[in-house]
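Next come the chains, spelled out residue by residue.
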Amino acid sequence: MKTVLRITMGACLLILAQALSASDACTTRSIVTSADVTVSDGSSFLTESYFQSGTSAAIRHIGEKDQIVVVEGPFGWTRVGEADKMGSDFEKIFALGHQFHAFALYFDEVVSNPRDSEQILFRGDKHRALTGDYPHGGVVHLIPGEAENQAAGLVFEFAESKPIVVAFSDWRNAGQLKVPFQATIDDGDRVFIYRYTKIDPTSKSPLWFTEAISDPSLDEIQIYRLHRQLLAAHCLGDADMIARLSAAQVLSVNNGALQQVTNASVRERFSGLFGQLDYTAYYDIVTPIIEIAEAKDLGWVAVNVRAEGRSIEQGAPFENQWAWLMIVRKEDGKWLHAGNASNLAQ
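Everything in this summary refers to the structure shown in the same document.

The rules behind these values
- Residues numbered from 1 in each chain as written.
- Predicted model: local features only at pLDDT ≥ 70, side-chain atom pairs only at ≥ 80, totals over all residues.
- Heavy atoms only, no water.
- Phe/Tyr/Trp six-rings, centres within 6.5 Å; stacked < 30°, edge-to-face > 60°.
- Lys NZ or Arg CZ within 6 Å of the ring centre and 35° of its normal.
- Core = buried A, V, L, I, M, F, W, Y, C linked by side-chain atoms within 4.5 Å.
- Buried < 20%, exposed > 50% of the residue type's maximum accessible area, 1.4 Å probe, protein only.
- Helix = DSSP H or I, 4+ residues; strand = E, 2+ residues; numbered from the N terminus.
- Contact = heavy atoms within 4.5 Å.
- Expected span 1.5 Å × (residues − 1).
- Arc of directions from axis to C-beta.
- Salt bridge = Lys/Arg side-chain N within 4 Å of Asp/Glu carboxyl O.

## Overview of the packing of aromatic side chains
The description of an aromatic ring pair rests on the distance of the ring centres and on the angle between the ring planes.
Okay, so step 1: Here the structure, examined in full by the defined rule, presents 17 aromatic pairs.
Okay, so step 2: For the ring pair Phe156 and Phe158, a centre distance of 6.1 Å and an interplane angle of 20° mean the geometry is stacked.
Okay, so step 3: Three or more aromatic residues joined by ring pairs form one cluster here, namely Phe270, Phe274, Tyr279, Tyr282, Phe318 and Trp324.
Okay, so step 4: Directly above the aromatic system of Phe181 lies the positively charged group of Arg172, at a separation of 4.0 Å from the ring centroid.
Okay, so step 5: The ring of Phe270 carries the charged tip of Arg269 above its face, separated from the ring centre by 4.6 Å.

So, in C-alpha cells, the structure goes:
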C-alpha cells in the first residue's frame, strides 16, 4: 500500500478535558448562525456558521462565489462551488476562528490551558481576560463584559499577524441562552460588522454536522467520517446504522479467531450489545492514522479510543479504552467498514 496520509499525535497518557470534549463523537452540541456582513471597504456578503466542537466547525461565505471552509478532525478543507480541496492549518484557523458564539459561550472547552491574564489591550484600553491556547497555534483572550456571562469580546493573537479584535453587542435571547446578535471584527486592515439574523444553539443529533456539511469528494475526509459515524452509532444505539456502514462481508480478527462475518451478523451483534450497554460518550484519544491505497479503493484506519456509558440492567458505569485497525473498502463510490482487529486495554 502507498501511504497517502499519515497524521499522528504524540502518545499522551494525560489528556486534557478540553481535548476529550472536542473529540467526543456523541456530542449533541450545536450552534448554527446566519449573518449579514458589511465591510469597511464597502463590500458585503452573507455568512452561515456551523459549530459542533473545536474539531467540527465550518464557515460559509455566500457572495459571488459560495465558499465553505471546514475544520474536521485533523483536517482542514474547502469547497468553492462544487470543487473540494484539502487545506492546511490556515483553513482550520479560519473555520474555527469564525465561531464567535462558541468562544463566547464555551471558551474553556474550545481552547486548551485556560488561564487568567492581565493587561490585555482591547479597543484602546487594558483589560483582564481569560486566556487560552488556540487549537491550531496562537492564543485567544476572552474579555469579560459588564454584565455577568456577557463577554465584551475576543482578541486573537497569531504569529506574524496583527491582533484580531472582536467586540460583542446586542445581546438577546436565543432559545434558553443569551447571545450577541452583533459582532464587530477589526483585523487591523478592515472592519467587519456581523449582524446575525439567526442563532440556533439547540442540541441536535450527533450526526447533524456531517448532514449539514455534505460529504466532500475527498477520500480522507470520507474515511474519517466513516470512523466517527461508527462511534456515534454507539451513542445512538443504532445497529442498523453500523450495518449500513459495513460491507456485505466483514473480516473479523478478534479473540484469537479469524472470521468472515456477514452484514446481518454485524447488525445482530450490535443489537445485542446496545440492549446491554448505553453509550454516553466515545472519544478519539489520539488522532486516527489513515492510509489509502494508490488505487483509492482500499485503506485502513488505526485508532485509539475511549468509550463511556452505563450498564442498562444494573446501571453501573463503564469506561473502556480500545485500539483497533479498521479495514475500509470503497464500493459504488462509498467507503465501508470491511474488517477490523481490535484489543481492549487491561
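Read on for the rest.
## Regarding the nonpolar core
Okay, so step 1: One finds Ile213 and Tyr282 to be the most contacted residues of the largest nonpolar core, which totals 45 residues.
Okay, so step 2: In terms of residue count, the dominant contributor to this core is helix 5 (residues 219-236) (nine residues).
Okay, so step 3: Contact partners of Tyr282, with chain neighbours within four places excluded, come to Ser23, Asp24, Ala25, Cys26, Leu231, His234, Cys235, Val305, Arg306, Ala307, Trp322 and Trp324.
Okay, so step 4: Counting residues in hydrophobic clusters, the runner-up holds 39 residues, among them Ala102, Phe158, Phe168 and Val179.

## Topic: unusual backbone geometry
Okay, so step 1: In the Ramachandran plot, Arg123 falls in the positive-phi region, its phi being about 55° despite a non-glycine side chain.
Okay, so step 2: One non-glycine residue, Glu160, lies in positive phi territory at about 60°.
Okay, so step 3: When you line up the elements, Glu160 lands in the loop between strand 10 (153-157) and strand 11 (164-174).
Okay, so step 4: Residue Glu160 is classed as exposed on the basis of its relative accessible area, which comes to 85%.

## Observations concerning the environment of Leu218
Okay, so step 1: Inspection of the secondary structure puts Leu218 in the loop between helix 4 (208-212) and helix 5.
Okay, so step 2: On the basis of relative accessibility, which here comes to 12%, the residue Leu218 falls in the buried class.
Okay, so step 3: Taking C-alpha positions, Leu218 is 7.0 Å from Asp84, a pair spaced 134 residues apart along the chain.
Okay, so step 4: When sequence neighbours within four positions are dropped, the list of residues in contact with Leu218 reads Trp77, Asp84, Lys85 and Met86.

## Re helix 7 (residues 263-276)
Okay, so step 1: Look at helix 7: 21 Å from first C-alpha to last across 14 residues, which is about the 20 Å you get at 1.5 Å a residue.
Okay, so step 2: For helix 7, the set of buried residues is Asn263, Val266, Phe270 and Phe274. What you see down the axis of helix 7 is that its buried residues fit within an arc of 60°, all on one side. In helix 7, the exposed residues that point more than 90 degrees away from the buried face are Glu268, Arg269 and Gln276.
Okay, so step 3: Those residues of helix 7 hidden inside the fold are in contact with helix 5, helix 6 (239-244), strand 14 (246-254), strand 15 (257-262) and strand 16 (277-284).

## A word on the pattern of salt bridges
Okay, so step 1: Counting across every chain of the model gives 19 salt bridges.
Okay, so step 2: Measuring nitrogen to oxygen at the nearest pair gives 3.0 Å for the salt bridge that ties Lys204 to Asp200.
Okay, so step 3: We classify Asp200 as partly exposed; its relative accessible area is 21%.
Okay, so step 4: One salt bridge connects Glu331 with Arg329, and the closest N-O pair in it is separated by 3.6 Å.
Okay, so step 5: On the accessibility criterion, Glu331 (29% relative accessible area) is partly exposed.
Okay, so step 6: Via salt bridges that share partners, Glu48, Arg60 and Asp66 belong to a single interconnected network.

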